[in-house]
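# Coordinates in review
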Amino acid sequence: MNERQRIVEIVVAPGGPASRRPEVESDRRVAIQDLLEQNSFSPVSLPAGPYRLEMKLDGARLLLDVQSEAGAPLGEMALPLAPLRAIMRDYFMICDSYYDAVKNRPAQIEAIDMGRRAVHNEASELLREKLAAQVDMDLETARRLFTLLCVMKLNG
């Protein structure tokens, strides 16, 4: 992993009140922890990092505000959410089923989790594809960013 092409701090702007679901808050914490532990993030037209990243929603767009490690602004990336809307809706439905199964249908957890992971991977690849002109990132980084985007949408 290139220590200069990575995120060392991430701030997820609240999209509204915090989720009342402890599962969603747990997903947020784990995604941030995993992202900071290992990621690959290389903006195409910005100087080498490491980077501080602020994620926020602006209407129907995801904004990624990229800063130097010290907080100096470097650039902003915008991604319309319309191309992700359908897959996010599917992902939310599968997550609801998964959370319900954890509490009420333990025998179905494994099958539902496999579906959840498949949709998460598909969505992460789509996120990478839509941001490819602006930033190069690995699949695991895209997975964590997609999780954080979903948390923001759920809280928004």
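Residues numbered from 1 in each chain as written. Predicted model: local features only at pLDDT ≥ 70, side-chain atom pairs only at ≥ 80, totals over all residues. Heavy atoms only, no water.

Considering all chains together, one arrives at 13 salt bridges under this definition. The network of salt bridges with common partners includes Asp34, Glu140, Arg143 and Arg144. (Salt bridge = Lys/Arg side-chain N within 4 Å of Asp/Glu carboxyl O.)

Pairing is mixed across the open sheet formed by four strands, whose spatial order is S1-S3-S4-S5. Each of the sheet's edge strands pairs with one partner strand only, and the pair in question is strand S1 (7-12) and strand S5 (73-80). For this sheet, the mean angle separating the axes of adjacent strands, direction not counted, is 20°. Sheet strands in contact with helix H4 (residues 139-155) are S1, strand S3 (51-58) and strand S4 (61-68), and its direction is about 35° off that of S3. (Pairing = 2+ DSSP bridges. Helix = DSSP H or I, 4+ residues; strand = E, 2+ residues; numbered from the N terminus. Axes fitted to C-alpha atoms, helices over the stretch in contact; angles between N-to-C directions. Contact = heavy atoms within 4.5 Å.)

All right, on to the packing of helix H2 (residues 85-104) against H4 then. Interhelical geometry of H2 versus H4 gives an angle of 80° and a closest axis separation of 11 Å. In this view, H2 runs roughly perpendicular relative to H4, as classed from their interaxial angle. Residues Met88, Tyr91 and Phe92 of H2 lie in contact with H4, whose contacting residues are Phe146, Leu149, Cys150, Lys153 and Leu154. Its residues placed into classes, the contact of H2 with H4 shows seven nonpolar, no polar and one charged. (Parallel < 35°, antiparallel > 145°, perpendicular 65-115°, else oblique. Nonpolar A, V, L, I, M, F, W, Y, C, P; charged D, E, K, R; others polar.)

Within the secondary structure, Thr147 sits in helix H4. Thr147 has contacts with Asp27, Ala31 and His120, leaving out every residue within four places of it along the chain.

Counting 39 residues, the largest nonpolar core has Ile10, Phe41, Leu53, Met55, Leu62, Leu84 and Leu145 as the members making the most contacts within it. Ignoring sequence-local partners within four residues, the contact set of Leu145 consists of Ile10, Leu35, Phe41, Leu53, Met55, Leu127 and Met137. (Core = buried A, V, L, I, M, F, W, Y, C linked by side-chain atoms within 4.5 Å. Buried < 20%, exposed > 50% of the residue type's maximum accessible area, 1.4 Å probe, protein only.)

The next point concerns the side chain of Thr141. Tracing the backbone shows Thr141 in helix H4. According to the relative accessible area criterion, Thr141 is buried, its value standing at 0%. A distance of 2.5 Å separates a polar atom in the side chain of Thr141 from a polar atom in the side chain of Asp138. When sequence neighbours within four positions are dropped, the list of residues in contact with Thr141 reads Leu35, Asn39 and Ser40. (Polar contact = N/O pair within 3.5 Å; in protein donor to acceptor, adjacent residues only side chain to side chain.)

Inspection of the entire model under this criterion finds three aromatic pairs. The interplanar angle of 70° and the centroid separation of 5.9 Å between the aromatic rings of Phe41 and Tyr51 together place this pair among those described as edge-to-face. Of the two residues, Phe41 is situated in strand S2 (residues 41-43) and Tyr51 in strand S3; the sequence distance between them amounts to ten residues. Relative accessible area serves as the criterion here: at 0%, Tyr51 is assigned to the buried category. Both rings, one in Tyr98 and one in Tyr99, keep their centres 6.0 Å apart while their planes meet at 65°; by these two values the pair is edge-to-face. (Phe/Tyr/Trp six-rings, centres within 6.5 Å; stacked < 30°, edge-to-face > 60°.)

Counting through the fold element by element, Leu79 comes out in strand S5. C-alpha of Leu79 to C-alpha of Leu46: the two residues are 33 residues apart in sequence and 17 Å apart in space. Excluding its chain neighbours within four sequence positions, the residues that come into contact with Leu79 are Ala60, Arg61, Leu62, Leu84, Leu127, Lys130 and Leu131.

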